[in-house]
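Structure assessment
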Amino acid sequence: MKLIKPSFQIIEPTGYTIDDIYKSIELAGRCSHKSEDKITETSAKDFVGRMLNMKHLATCEFGTVYLNLPNGLISQALYGNLVDKYSENAYSIRVPYVEKTGLVSIGRAAITTNYRVLVENNWLDDLQYLCEPTEYHHKRYTVKFILDRAIANEFVRHRKFSFLQESTRYCLYSSNKFNNELTFIIPCWFEEMNQGIIKFEEGLYKDTYCFQFTEGNKGKSCSIWYKAMREAEEHYIELINLGWKAEEARNVLPLSLKTELYMCGFAEDWEQFFKLRTASNAHPQAKELAIPLREEFIKRGYINE
């Protein structure tokens, strides 16, 4: 059994070419089966191709696409109306602007969308207008969370986001791939309840001797939680050994089970997320992640303070 603290990682794109878009899709897409070990320098395009063939298009939402389209009457006469369709798409944002080159003004439109939108609407030809994000583009940001199942269940209620999550159907935790053990998230109130006697350090805790519970009800309650996690792991592995599939044995697993969750959304979506998940009445484990993540977004200039 492993016990860890929750964490987050802001996933920066490797670039803005079509190959970079494929890499973003593969990185998030491999989360469900925990197959990141199969990522190579050339694996992304084939991975995306398989997702398209299987109609697993949710993965494609993690490929953020920035376009710079011609816009205006002359452009429409030359190229057709490339812009208005994005105004009518709920997963895209269009910003018209005027590009001045010397004495010439050219109508343009900064489009932010995702690869799934292009695939489902047969708009892949628009990739010829692929660009790096400009000051006019609305930015999308991806975050990888390591957290427990209970808080993941709360985060996925923010429906404007794109989500991909580690799957208990396909991850067999009793296998060598997972070191034949399960991982659980340590509740953030443990330190407070034990008056600092539990010391959290970098790394993974593997057995009871790592905890020095205080005497009395507070220490006893922490010990009860630990015992419940240990027993859940034992029951899960026993059921697997008796022939149950991972998708069946998972029914004995608690909400403290560690999971990985990728979330991608526009800056405006993240601002709403932070408003709700840093509020005074938000769950303490949600605030444990949302408060420092918001601070990092502000530090990087993704959102305003």
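Whatever comes next refers back to the structure up there.
Quick look at the structure, then.

**Here we look at the overall build of the protein chain**
- Secondary structure summary: the protein chain contains 11 helices and 9 strands in total.
- Split into buried and exposed, the 305 residues of the protein chain put 46% on the buried side.
- For the protein chain, the proportion of contacts with a sequence separation of at least 24, taken over those separated by at least 6, is 71%.

**Structural notes on the nonpolar core**
- Among the nonpolar cores identified, the biggest contains 23 residues, and Ile25, Val65, Leu69, Tyr86 and Tyr115 are the most heavily contacted of them.
- Counting residues per element, this core draws most heavily on helix 2 (residues 44-53), at 4 residues.
- Counting 22 residues, the second largest nonpolar core, distinct from the first, contains Leu147, Phe161, Phe273 and Ala290.

**Considering the packing of helix 1 (residues 18-29) against helix 2**
- Taken N-terminus to C-terminus, the directions of helix 1 and helix 2 make an angle of 65 degrees; their axes are 8 Å apart at the nearest point. Relative to helix 2, the element helix 1 is oriented roughly perpendicular. With respect to the hand of their crossing, helix 1 and helix 2 are arranged in left-handed fashion. From helix 1, Tyr22, Lys23, Ile25, Glu26 and Gly29 reach across to helix 2, where they touch Ala44, Lys45, Phe47 and Val48.
- Its residues assigned to classes, the contact of helix 1 with helix 2 comprises 5 nonpolar, 1 polar and 3 charged.

**Some details on the pattern of salt bridges**
- According to the stated counting rule, one finds 16 salt bridges in the structure shown.
- Note that Glu61 is salt-bridged to Arg116, the shortest N-O span being 2.5 Å. Here Arg116 lies in helix 5 (residues 115-120) and Glu61 lies in the loop between helix 2 and strand 3 (64-70), a separation of 55 residues in the sequence.
- The class of Glu61 is buried, set by a relative accessible area of 17%.
- Notably, a salt bridge pairs Asp84 with Arg94, separated by 3.2 Å at the nearest N-O pair. Taken as a pair, Asp84 in helix 4 (residues 84-87) and Arg94 in strand 4 (residues 93-101) lie far apart in primary sequence, 10 residues in all.

**Regarding the sheet that holds strand 3**
- Taken in spatial order, the 3 strands of this open sheet run 3-5-4, and their pairing is antiparallel. For this open sheet the edge positions go to strand 3 and strand 4, each flanked by a neighbour on one side alone. Sheet twist, expressed as the mean angle between neighbouring strand axes with direction ignored, is 25 degrees.
- Inspection of the sheet shows strand 3 paired to strand 5 (residues 104-114) by 7 bridges, in the antiparallel sense. Residue Tyr66 lies in a different strand from strand 5, and its bridge partner there is Thr112.

Reading guide: rules and limits
- Residues numbered from 1 in each chain as written.
- Predicted model: local features only at pLDDT ≥ 70, side-chain atom pairs only at ≥ 80, totals over all residues.
- Heavy atoms only, no water.
- Helix = DSSP H or I, 4+ residues; strand = E, 2+ residues; numbered from the N terminus.
- Buried < 20%, exposed > 50% of the residue type's maximum accessible area, 1.4 Å probe, protein only.
- Contact = heavy atoms within 4.5 Å.
- Core = buried A, V, L, I, M, F, W, Y, C linked by side-chain atoms within 4.5 Å.
- Axes fitted to C-alpha atoms, helices over the stretch in contact; angles between N-to-C directions.
- Parallel < 35°, antiparallel > 145°, perpendicular 65-115°, else oblique.
- Left-handed = near helix turned anticlockwise from the far one by under 90°.
- Nonpolar A, V, L, I, M, F, W, Y, C, P; charged D, E, K, R; others polar.
- Salt bridge = Lys/Arg side-chain N within 4 Å of Asp/Glu carboxyl O.
- Pairing = 2+ DSSP bridges.

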